[in-house]
Amino acid sequence: MRLDYLTIFPDYLAPLRLSLPGKAVESGLLDLHVHDLRQWTRDRHHTTDDTPYGGGAGMVMKPEPFGEAFDELLGPVPEEVAQQPSRRATVVFTTPSGEPMTQRLAEELATRERIVFACGRYEGIDQRVIDHAREIAEVREISLGDYVLNGGEVAALAITEAVVRLLPGFMGNAASIVEESHSESGLLEHPVYTKPREWRGREVPEVLLSGDHGRIAAWRHDQSVRRTAERRPDLLAPSVLDDGGEIVRAVPADAAELLVLQRACWAQEALANDSLAIPALHESYDDVRTALAEWDTYVVRRAGRLVAAVRGRLDGTAWDIGRMMVAPDLQGTGLGRRLLAHIQAVAPAGASSYVLFTGVRSERNIRLYKRAGFRPRVELPAPPGAIVLTKPRRG
Ligand code: ADE
């Protein structure tokens, strides 16, 4: 892969010679060229910027130096390359108004043979430079994030590092790429630990010392989901319902509505089973809040109203499903079935079976669970007046 950088601060890009990209250059994997944009200026002061047409604060980078740099570095495009868009060079303009840099984009850029980074400064680059580049190359305008840097050099460095480490033969351990945050799973990475086993009174989680690979994988998945829900809920793909509604992760602010829905649903259960000794009926607001931290809970809203919920938690290798509830006016509409499918789908890798319980006389629930492949297990211990149902996990 060949990488070129157009900048008025070439020293800013010196770190490219260090660390990972530097190693890739030494190994011949990368051909890297940093260019001082001022070499393509023609005036005595090597001017690269000017005042904006239409007025306004700041300066705009002039088109001519970029144009000449592109002529020298990219053009003229050979006919056979012009005919094959996939073989064209890619010009990356680093700008806060670009598309966000993501792992997906890094993976895409890692497939390119040639990338030219045009690092903007000041208020940006004359738009005609970008329009011109589109005629001779693939153009990507990329932002490092929703904040403004003084120039695009830091962004070019960050993008380079994200891309170069994906090149085949670059990383020593390819598996570490697969498992890290923003990889295929779409989840943030789980916490990691190394020796010593105890440090300043803090122990490494016991499960990691167990040697039980199934449990370890399940724990890691669970930690990833929790982290992602806490820090980046936007990454957890919501499950879309037939009516366009979504099953989404519950947040602490849902606790009050959950409690109200729970009381309504379990009042029905109390009547059906002729018993008030049902824990879900007696839980307080604080109990519901605490449970939200301990279970993976999902909710459905209709027109802003919380109308359904379900939760799951790993117990050994069983994915324990509970608190399936659908608002009385929406029962019988298929929402329960969808919630049940969803909570099974999000079970972590370590789950080899599903388990839930319901009232022995909750016929409607039992019918729903049986249709979903659950089987009553009278031989298994259950809370008073309840029956346990289980289902093996396949695949
Ligand atoms: N130049 C200035 N701010 C930037 C940002 N957020 N991303 C990419 N380039 C930039």
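Each remark here, short or long, concerns the structure printed above.
Everything numeric here is computed off the predicted structure, so don't read it as measured data. (Residues numbered from 1 in each chain as written. Predicted model: local features only at pLDDT ≥ 70, side-chain atom pairs only at ≥ 80, totals over all residues. Heavy atoms only, no water.)

(A) Broad picture of the packing of helix 2 (residues 63–74) against helix 5 (residues 127–136). For the pair helix 2 and helix 5, the least separation of the axes is 9 Å and the interaxial angle reads 15°. Judged by the angle between their axes, helix 2 and helix 5 are roughly parallel. As for the relative orientation of helix 2 and helix 5, their crossing is right-handed in sense. In this structure, helix 2 contributes Pro63, Phe66, Phe70, Asp71 and Leu74 to the contact, and helix 5 contributes Arg128, Val129, His132, Ala133 and Ile136. In terms of residue class, the contact of helix 2 with helix 5 is made up of seven nonpolar, one polar and two charged. (Axes fitted to C-alpha atoms, helices over the stretch in contact; angles between N-to-C directions. Helix = DSSP H or I, 4+ residues; strand = E, 2+ residues; numbered from the N terminus. Parallel < 35°, antiparallel > 145°, perpendicular 65-115°, else oblique. Left-handed = near helix turned anticlockwise from the far one by under 90°. Contact = heavy atoms within 4.5 Å. Nonpolar A, V, L, I, M, F, W, Y, C, P; charged D, E, K, R; others polar.)

(B) Main features of the nonpolar core. The biggest cluster of nonpolar side chains holds 43 residues, and the ones touching the most others in it are Leu258, Val300, Ile321, Leu335, Leu339, Leu340 and Phe374. Excluding its chain neighbours within four sequence positions, the residues that come into contact with Leu340 are Ile321, Met324, Leu356, Leu368, Tyr369, Ala372 and Phe374. The next biggest cluster of nonpolar side chains, apart from the first, holds 26 residues, and it includes Leu13, Leu16, Val163 and Val164. (Core = buried A, V, L, I, M, F, W, Y, C linked by side-chain atoms within 4.5 Å. Buried < 20%, exposed > 50% of the residue type's maximum accessible area, 1.4 Å probe, protein only.)

(C) Up close: the sheet that holds strand 11 (residues 246–249). Taken together, the eight strands give an open sheet; going across it, the order is 10-11-12-13-14-15-17-16, and neighbouring strands pair in mixed fashion. Only two strands of the sheet have a single neighbouring strand rather than two, namely strand 10 (239–240) and strand 16 (375–376). For strand 15 (residues 353–359) and strand 17 (residues 386–392), the ladder comprises seven bridges, and the chain directions are antiparallel. If you follow Tyr354 over to strand 17, its bridge partner there is Lys391. Packed on one face of the sheet, helix 8 (residues 213–231) meets strand 11, strand 12 (296–302) and strand 13 (305–315) and runs near 40° to strand 12. Lying on the sheet, helix 13 (residues 363–371) is in contact with strand 14 (318–326), strand 15, strand 16 and strand 17; it crosses strand 15 at an angle near 165°. (Pairing = 2+ DSSP bridges.)

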